[in-house]
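Examination of the molecular architecture
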Amino acid sequence: MNENKIALIYDHDDINKGFTDGQIEFYGNMEQDSLHIAYLLDYARSKFPEIPIFQQLTLRHQPEVAAYFLTRLGMIVFLNMTKYDSEHLKKYGKMGMLMLPDQMTPAQIESLKQFVADIQDFDISIHYNLSIDMGMLDAKTIIGLNHETPMELMNLYFERVSEKNRNI
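An account of the accompanying structure is given in this report. Just so you know, these numbers come straight off a predicted model, no measurement behind them.

Notes on the pattern of salt bridges
The final tally for this structure, using the stated rule, is three salt bridges. Residues K17 and E50 are paired through a salt bridge, measuring 3.2 Å at the closest nitrogen-oxygen approach. On the criterion of sequence distance, the pair formed by K17 in the loop between β1 (4–9) and β2 (24–29) and E50 in the loop between α1 (36–47) and α2 (53–56) is long-range, its members being 33 residues apart. With relative accessibility at 48%, the residue E50 sits in the partly exposed group. Between R72 and D102 there is a salt bridge; the shortest N-O distance is 3.1 Å.

Regarding the pairing of strand β4 (residues 94–99)
Two faces, one strand: in a regular strand the side chains alternate between the faces of the sheet. Counting buried residues in β4 gives five out of six residues, a clear majority hidden from the surface. As paired elements, strand β3 (residues 76–80) and β4 share four bridges and run antiparallel to each other. Directly across from N80, in β4, lies its bridge partner G96. Of the pairings in the sheet, the one linking β4 to strand β5 (residues 122–133) comprises six bridges and is parallel in character. Across the sheet, the residue bridging to K94 is F122, located in β5. A crossover links β4 with its parallel partner β5, the connecting element being helix α5 (residues 106–118), and its sense is right-handed.

Concerning the environment of M136
In this fold, M136 is placed in strand β6 (residues 136–143). Along the chain, M136 and Y39 lie 97 residues apart, while their C-alpha atoms are 21 Å from each other.

Details of the nonpolar core
The tendency in soluble globular proteins is for nonpolar side chains to be buried as a group. Among the nonpolar cores identified, the biggest contains 26 residues, and I6, Y43, L70 and V77 are the most heavily contacted of them. For this core, the secondary structure elements donating two or more residues are β1, α1, α3 (63–72), β3 and β4. L98, F122, L153 and M154 belong to the second-largest nonpolar core, a separate cluster that totals 20 residues.

Comments concerning the sheet that holds β6
With mixed pairing, the six strands of this open sheet are ordered in space as β2-β1-β3-β4-β5-β6. Taken across any chain shown, the strands that pair with only one partner, and hence form the sheet edges, are β2 and β6. Looking at each pair of strands side by side, their axes are set apart by 25° on average, direction ignored. Along the sheet, α5 makes contact with β1, β2, β3 and β4, crossing β1 at roughly 150°.

Regarding the side chain of K17
Polar side-chain contacts of K17 include one of 3.2 Å to the side chain of E50. Not counting chain neighbours up to four residues away, the residues in contact with K17 comprise K47, F48 and E50.

Observations regarding the pairing of β6
Judged from the seven bridges that link them, β5 and β6 form a sheet pairing that is antiparallel. The residue of β6 that forms the bridge with S125 is I143. From the end of β5 to the start of β6, which pair antiparallel, there are two residues, and M134 there has a positive phi angle of about 55°.

Criteria and cut-off values
- Residues numbered from 1 in each chain as written.
- Predicted model: local features only at pLDDT ≥ 70, side-chain atom pairs only at ≥ 80, totals over all residues.
- Heavy atoms only, no water.
- Salt bridge = Lys/Arg side-chain N within 4 Å of Asp/Glu carboxyl O.
- Helix = DSSP H or I, 4+ residues; strand = E, 2+ residues; numbered from the N terminus.
- Buried < 20%, exposed > 50% of the residue type's maximum accessible area, 1.4 Å probe, protein only.
- Pairing = 2+ DSSP bridges.
- Right-handed = clockwise from strand over helix to strand, strands pointing away.
- Core = buried A, V, L, I, M, F, W, Y, C linked by side-chain atoms within 4.5 Å.
- Axes fitted to C-alpha atoms, helices over the stretch in contact; angles between N-to-C directions.
- Contact = heavy atoms within 4.5 Å.
- Polar contact = N/O pair within 3.5 Å; in protein donor to acceptor, adjacent residues only side chain to side chain.

The structure is reproduced here in C-alpha coordinates:
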(Lines give C-alpha, C1' and ligand atoms only; values in the text may rest on other atoms or scores of the structure.)
Protein backbone atom coordinates (compact mmCIF):
# COMPACT_ATOMS: atom_id res chain seq x y z
CA MET A 1 0.00 0.00 0.00
CA ASN A 2 3.00 2.30 0.40
CA GLU A 3 3.13 2.97 -3.34
CA ASN A 4 -0.58 3.60 -3.86
CA LYS A 5 -3.06 6.26 -2.80
CA ILE A 6 -6.20 4.15 -3.10
CA ALA A 7 -7.25 0.53 -2.59
CA LEU A 8 -10.65 -0.80 -3.69
CA ILE A 9 -12.23 -4.13 -2.79
CA TYR A 10 -14.97 -5.28 -5.14
CA ASP A 11 -18.26 -6.87 -4.12
CA HIS A 12 -19.26 -8.75 -7.26
CA ASP A 13 -17.99 -10.18 -10.53
CA ASP A 14 -18.13 -7.99 -13.61
CA ILE A 15 -16.18 -9.48 -16.49
CA ASN A 16 -16.86 -6.44 -18.69
CA LYS A 17 -15.27 -4.12 -16.15
CA GLY A 18 -12.52 -6.58 -15.26
CA PHE A 19 -13.12 -7.32 -11.59
CA THR A 20 -14.26 -10.15 -9.35
CA ASP A 21 -15.87 -10.41 -5.93
CA GLY A 22 -13.22 -9.86 -3.26
CA GLN A 23 -10.58 -8.61 -5.69
CA ILE A 24 -8.35 -5.85 -4.33
CA GLU A 25 -7.28 -3.20 -6.81
CA PHE A 26 -4.68 -0.55 -6.06
CA TYR A 27 -4.84 2.80 -7.80
CA GLY A 28 -2.88 6.04 -7.81
CA ASN A 29 0.83 6.54 -7.40
CA MET A 30 2.12 8.05 -4.13
CA GLU A 31 5.19 9.31 -6.01
CA GLN A 32 3.07 11.62 -8.16
CA ASP A 33 1.64 14.82 -6.76
CA SER A 34 -1.95 14.17 -7.86
CA LEU A 35 -4.83 14.60 -5.46
CA HIS A 36 -6.84 11.64 -4.17
CA ILE A 37 -9.95 13.13 -5.79
CA ALA A 38 -8.19 13.23 -9.17
CA TYR A 39 -7.38 9.53 -8.95
CA LEU A 40 -10.87 8.64 -7.71
CA LEU A 41 -12.53 10.55 -10.51
CA ASP A 42 -10.20 9.07 -13.12
CA TYR A 43 -10.95 5.59 -11.81
CA ALA A 44 -14.73 6.10 -11.51
CA ARG A 45 -15.09 7.75 -14.90
CA SER A 46 -13.14 5.00 -16.65
CA LYS A 47 -14.89 2.08 -14.89
CA PHE A 48 -18.38 3.59 -14.58
CA PRO A 49 -18.92 6.06 -17.46
CA GLU A 50 -22.64 5.24 -17.36
CA ILE A 51 -23.07 6.72 -13.85
CA PRO A 52 -23.77 10.48 -14.15
CA ILE A 53 -22.60 11.52 -10.66
CA PHE A 54 -18.99 10.73 -11.54
CA GLN A 55 -19.21 13.17 -14.46
CA GLN A 56 -20.66 15.84 -12.17
CA LEU A 57 -18.03 15.63 -9.41
CA THR A 58 -14.99 17.88 -9.81
CA LEU A 59 -11.51 18.26 -8.34
CA ARG A 60 -13.02 20.69 -5.83
CA HIS A 61 -14.94 17.90 -4.11
CA GLN A 62 -13.45 16.12 -1.14
CA PRO A 63 -12.19 12.60 -1.98
CA GLU A 64 -14.57 11.18 0.61
CA VAL A 65 -17.52 12.31 -1.54
CA ALA A 66 -16.34 10.34 -4.58
CA ALA A 67 -15.47 7.41 -2.31
CA TYR A 68 -18.99 7.58 -0.84
CA PHE A 69 -20.53 7.01 -4.27
CA LEU A 70 -18.17 4.07 -4.86
CA THR A 71 -19.36 2.54 -1.58
CA ARG A 72 -22.95 2.95 -2.86
CA LEU A 73 -21.85 0.64 -5.69
CA GLY A 74 -20.78 -1.88 -3.02
CA MET A 75 -17.03 -1.24 -2.97
CA ILE A 76 -14.77 -0.89 0.01
CA VAL A 77 -12.51 2.15 -0.42
CA PHE A 78 -9.22 2.81 1.39
CA LEU A 79 -7.50 6.19 1.07
CA ASN A 80 -3.80 6.20 1.94
CA MET A 81 -3.37 9.64 3.53
CA THR A 82 0.31 9.21 4.40
CA LYS A 83 2.85 11.87 3.53
CA TYR A 84 5.97 9.86 2.78
CA ASP A 85 8.63 12.54 3.21
CA SER A 86 10.86 11.67 6.16
CA GLU A 87 9.70 14.55 8.38
CA HIS A 88 5.97 13.79 8.09
CA LEU A 89 6.48 10.03 8.21
CA LYS A 90 8.54 10.28 11.41
CA LYS A 91 6.14 12.72 13.05
CA TYR A 92 2.76 11.23 12.06
CA GLY A 93 3.43 7.74 10.72
CA LYS A 94 1.27 6.08 8.09
CA MET A 95 -2.39 7.08 8.01
CA GLY A 96 -5.44 5.93 6.11
CA MET A 97 -9.20 6.17 5.87
CA LEU A 98 -11.34 3.08 5.29
CA MET A 99 -14.85 3.64 3.93
CA LEU A 100 -17.23 0.69 4.06
CA PRO A 101 -20.44 -0.04 2.16
CA ASP A 102 -23.61 -1.01 4.01
CA GLN A 103 -23.38 -4.66 2.91
CA MET A 104 -20.30 -6.78 2.19
CA THR A 105 -19.99 -10.16 0.53
CA PRO A 106 -18.15 -13.03 2.28
CA ALA A 107 -15.33 -12.80 -0.31
CA GLN A 108 -15.11 -9.05 0.23
CA ILE A 109 -14.88 -9.51 4.01
CA GLU A 110 -12.09 -12.08 3.65
CA SER A 111 -10.16 -9.73 1.34
CA LEU A 112 -10.76 -6.85 3.76
CA LYS A 113 -9.33 -8.88 6.65
CA GLN A 114 -6.25 -9.74 4.56
CA PHE A 115 -5.85 -6.11 3.48
CA VAL A 116 -6.13 -4.85 7.06
CA ALA A 117 -3.54 -7.43 8.16
CA ASP A 118 -1.22 -6.04 5.47
CA ILE A 119 -1.51 -2.44 6.74
CA GLN A 120 -0.84 -3.07 10.43
CA ASP A 121 1.69 -0.22 10.46
CA PHE A 122 -1.04 2.33 9.60
CA ASP A 123 -3.22 4.39 11.91
CA ILE A 124 -6.65 4.20 10.31
CA SER A 125 -10.13 5.50 10.74
CA ILE A 126 -13.14 3.40 9.72
CA HIS A 127 -16.21 5.13 8.31
CA TYR A 128 -19.49 3.23 7.88
CA ASN A 129 -23.26 3.84 7.70
CA LEU A 130 -22.39 6.53 5.18
CA SER A 131 -25.00 9.01 4.00
CA ILE A 132 -25.23 12.47 2.56
CA ASP A 133 -27.34 14.79 4.68
CA MET A 134 -28.04 18.31 3.40
CA GLY A 135 -25.02 18.08 1.12
CA MET A 136 -22.65 16.90 3.85
CA LEU A 137 -21.18 13.44 4.14
CA ASP A 138 -22.22 11.81 7.40
CA ALA A 139 -20.91 8.56 8.88
CA LYS A 140 -20.32 6.55 11.98
CA THR A 141 -16.60 6.55 12.66
CA ILE A 142 -14.18 4.36 14.57
CA ILE A 143 -10.82 5.92 15.37
CA GLY A 144 -8.09 4.43 17.51
CA LEU A 145 -7.37 6.37 20.67
CA ASN A 146 -4.71 4.12 22.18
CA HIS A 147 -2.72 3.11 19.09
CA GLU A 148 -5.04 0.23 18.27
CA THR A 149 -4.02 -1.71 15.20
CA PRO A 150 -6.19 -1.68 12.08
CA MET A 151 -7.18 -5.28 12.87
CA GLU A 152 -8.33 -4.31 16.38
CA LEU A 153 -10.42 -1.49 14.90
CA MET A 154 -11.91 -3.85 12.31
CA ASN A 155 -12.85 -6.30 15.07
CA LEU A 156 -14.56 -3.43 16.90
CA TYR A 157 -16.45 -2.56 13.71
CA PHE A 158 -17.63 -6.17 13.27
CA GLU A 159 -18.73 -6.27 16.94
CA ARG A 160 -20.75 -3.09 16.51
CA VAL A 161 -22.38 -4.30 13.30
CA SER A 162 -23.26 -7.70 14.75
CA GLU A 163 -24.73 -6.05 17.88
CA LYS A 164 -26.86 -3.82 15.67
CA ASN A 165 -28.12 -6.86 13.73
CA ARG A 166 -28.94 -8.71 16.95
CA ASN A 167 -31.07 -5.79 18.13
CA ILE A 168 -33.24 -5.82 15.00
